[in-house]
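This is what each chain is made of:
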Amino acid sequence: MKAVVQRVKKTTLSVNGKLISEIPFGLVAFLGVKVGDKESSAEYLMKKIANLRIFEDENGKMNLSVKDVGGEVLLVSQFTLYGDASHGNRPSFTLAERPERANELYEYAVKALQSHGVAVKCGVFGGDMKIEQFNDGPVTILLEG
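Residues numbered from 1 in each chain as written. Predicted model: local features only at pLDDT ≥ 70, side-chain atom pairs only at ≥ 80, totals over all residues. Heavy atoms only, no water.

**Structural notes on the overall build of the protein chain**
Consideration 1: The number of helices and strands found in the protein chain is 2 helices and 8 strands.
Consideration 2: Reading the helices (α) and strands (β) of the protein chain from amino to carboxyl end gives β-β-β-α-β-β-β-α-β-β.
Consideration 3: Here the C-alpha atoms of the protein chain give a radius of gyration of 15 Å, agreeing with the 15 Å that 2.2 N^0.38 yields for 145 residues.
Consideration 4: Across its three principal axes, the protein chain shows a C-alpha extent of roughly 45 × 35 × 30 Å. (Helix = DSSP H or I, 4+ residues; strand = E, 2+ residues; numbered from the N terminus. Rg over C-alpha atoms; globule rule 2.2 N^0.38 Å.)

What follows is the structure in structure tokens.
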């Protein structure tokens, strides 16, 4: 399982022109599920995301988590994180978990993140999502578990 975590200001997610989710500030976490991933991977990554200290304290040091600053997390399923373009220019997605199982783990991850006291907004699994995000920093962290 992989996550790309970005610190953001106002971020919106729409599908077919309809606003689905919006956060005023916090994190956008793009989550990729690999064939064979287990719930333990989701638990590890969601605990890491909830406690990742990438917000600045009063001294300008990245020392605070999304929980500490009262931010929210927009959690977006993204199978393309397991795209392999090492052979040619068209990515292969054979490492990405099949949709049914990936969705189960995505939904599990949402609940796991909420269990760490984080306000979570969601994307639409398998949807053609349009995301407008205002990156803060920018700060981008790659996590794997």
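After that view of the structure, there is still more to cover.
**Looking at the pairing of strand β2 (residues 18-23)**
Consideration 1: As judged from the 5 bridges shared by strand β1 (residues 2-15) and β2, these two strands associate in the antiparallel manner. Considered in β2, the bridge of leucine 13 is made with serine 21. (Pairing = 2+ DSSP bridges.)

**Topic: the nonpolar core**
Consideration 1: If you look at the biggest cluster of nonpolar residues, it comprises 29 residues, and the most contacted ones within it are Leu31, Met46, Ile49 and Leu75.
Consideration 2: Only β1, β3 (26-32), α1 (39-51), β6 (72-77), α2 (99-114) and β8 (129-144) provide two or more residues apiece to this core.
Consideration 3: At 7 residues, the largest contribution of residues to this core is made by α2.
Consideration 4: In this structure, Val4, Phe30, Leu74 and Val76 belong to the second largest nonpolar core, which totals 11 residues. (Core = buried A, V, L, I, M, F, W, Y, C linked by side-chain atoms within 4.5 Å. Buried < 20%, exposed > 50% of the residue type's maximum accessible area, 1.4 Å probe, protein only.)

**Overview of the pattern of salt bridges**
Consideration 1: For the structure on display, the rule yields 8 salt bridges.
Consideration 2: Where aspartate 136 meets lysine 9, a salt bridge forms, and the shortest distance between an N and an O atom there is 3.7 Å. Separated by 127 residues along the polypeptide, aspartate 136 in strand β8 and lysine 9 in strand β1 bring together distant segments of the chain.
Consideration 3: Using a relative accessible area of 37% as the deciding quantity, one classes lysine 9 as partly exposed.
Consideration 4: Across the pair glutamate 72 and lysine 121 runs a salt bridge, and its minimum N-O distance is 3.2 Å. Of this pair, glutamate 72 sits in strand β6 while lysine 121 sits in strand β7 (residues 119-122), and the two are 49 residues apart along the sequence.
Consideration 5: Salt bridges linked by common partners bring Arg7, Lys9 and Asp136 together as one network. (Salt bridge = Lys/Arg side-chain N within 4 Å of Asp/Glu carboxyl O.)

**Side note on the environment of glycine 123**
Consideration 1: Among the secondary structure elements, glycine 123 is positioned in the loop between β7 and β8.
Consideration 2: Residues glycine 123 and tyrosine 108 lie 15 residues apart in sequence; the distance between their C-alpha atoms is 14 Å.
Consideration 3: If near-sequence neighbours (up to four positions away) are discounted, glycine 123 is found in contact with Leu13, Leu74, Leu75, Tyr106 and Met129. (Contact = heavy atoms within 4.5 Å.)

**Overview of the packing of aromatic side chains**
One pair of aromatic rings is described through two measures. These are the centre distance and the angle between the planes.
Consideration 1: In total, this model carries 2 aromatic pairs according to the counting rule given.
Consideration 2: Relative to phenylalanine 125, the ring of tyrosine 106 has its centre 6.3 Å away and its plane inclined at 40°; by these criteria the two rings are tilted. Residue tyrosine 106 is located in helix α2, and its partner phenylalanine 125 is located in the loop between β7 and β8; the two are separated by 19 residues in the primary sequence.
Consideration 3: In this structure, lysine 2 packs its charged tip against the face of tyrosine 82, placed 4.7 Å from the ring centre.
Consideration 4: In this arrangement the basic side chain of arginine 7 is found over the ring face of phenylalanine 55, its NZ or CZ atom lying 5.9 Å from the centre. (Phe/Tyr/Trp six-rings, centres within 6.5 Å; stacked < 30°, edge-to-face > 60°. Lys NZ or Arg CZ within 6 Å of the ring centre and 35° of its normal.)

**Structural notes on the packing of α1 against α2**
Consideration 1: Running from N to C, α1 and α2 point in directions that differ by 40°, and their axes come no closer than 9 Å. The angle between α1 and α2 places the two elements in the oblique class. Crossing angle aside, the handedness with which α1 passes α2 is right-handed. When α1 is examined against α2, the residues Glu39, Ala42, Glu43, Met46, Ile49 and Ala50 are found in contact with a partner set consisting of Arg101, Leu105, Tyr108, Ala109, Ala112 and Leu113.
Consideration 2: The residue makeup of the contact of α1 with α2, split by class, is 9 nonpolar, no polar and 3 charged. (Axes fitted to C-alpha atoms, helices over the stretch in contact; angles between N-to-C directions. Parallel < 35°, antiparallel > 145°, perpendicular 65-115°, else oblique. Left-handed = near helix turned anticlockwise from the far one by under 90°. Nonpolar A, V, L, I, M, F, W, Y, C, P; charged D, E, K, R; others polar.)

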